[in-house]
Structure formats: structure tokens, C-alpha cells
Amino acid sequence: MFEFQQYLGFLLFLTILTIGFWLMIFLVGFVHYWLGGAIMELIKEKRAKRQAELEG
């Protein structure tokens, strides 16, 4: 059915596909975490600025 070179090529394809899948999952999680943190910091800065304007 498969020759040895075809088998190695198939294994290489599966390896690259798997690495790409997990890299995508990692990057999506990392970017989501990064954007969430950046938005929270922006909200905190706006609140602090508004609070400072109200106090003085």
C-alpha cells in the first residue's frame, strides 16, 4: 500500500499539521489574554483620570 518514503512523507505531514494546530491554539489564547489585559488597563486608566478630575 505505502512505500517507505510515502510513509515518511505522511508522518512529516501529520507532524507539521499537529505542530501548526497547537501553535494556532497557543497564539489564539495568548492574543486573547493580551488584548483582555490591555483593555482592562485602558479602563483602569480612564477611571483613574475621571476620578482625578472629579476630586480636584
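Residues numbered from 1 in each chain as written. Predicted model: local features only at pLDDT ≥ 70, side-chain atom pairs only at ≥ 80, totals over all residues. Heavy atoms only, no water.

As named in an unreviewed UniProt entry, the chain is Serine hydroxymethyltransferase, taken from Flavobacterium proteolyticum.

K.L.:
Mind showing me how you'd approach the UniProt feature "transmembrane region" (unreviewed entry) in the chain here?
P.N.:
Using the residue numbers shown here, the UniProt feature "transmembrane region" (unreviewed entry) corresponds to residues 7-35. Across residues 7-35, the secondary structure splits into 100% helix and 0% strand, with the terminal C-alpha atoms separated by 42 Å. (UniProt positions renumbered as here; feature names shortened; annotations may be inferred. Helix = DSSP H or I, 4+ residues; strand = E, 2+ residues; numbered from the N terminus.)

K.L.:
I keep staring at a nonpolar patch on the surface and nothing clicks. Help me out?
P.N.:
On the surface, a nonpolar cluster with roughly 1,100 Å² of combined accessible area is contributed by Met1, Phe2, Phe4, Tyr7, Leu8, Phe10, Leu11, Phe13, Leu14 and Leu17. For Leu14, the location among the structural elements is in helix H1 (residues 4-55). (Patch = residues over 30% accessible without salt bridge, like charges linked within 9 Å, V, L, I, M, F, W, Y side chains within 5 Å. Areas by Shrake-Rupley, 256 points an atom, 1.4 Å probe, with all protein chains shown as cover. Salt bridge = Lys/Arg side-chain N within 4 Å of Asp/Glu carboxyl O.)

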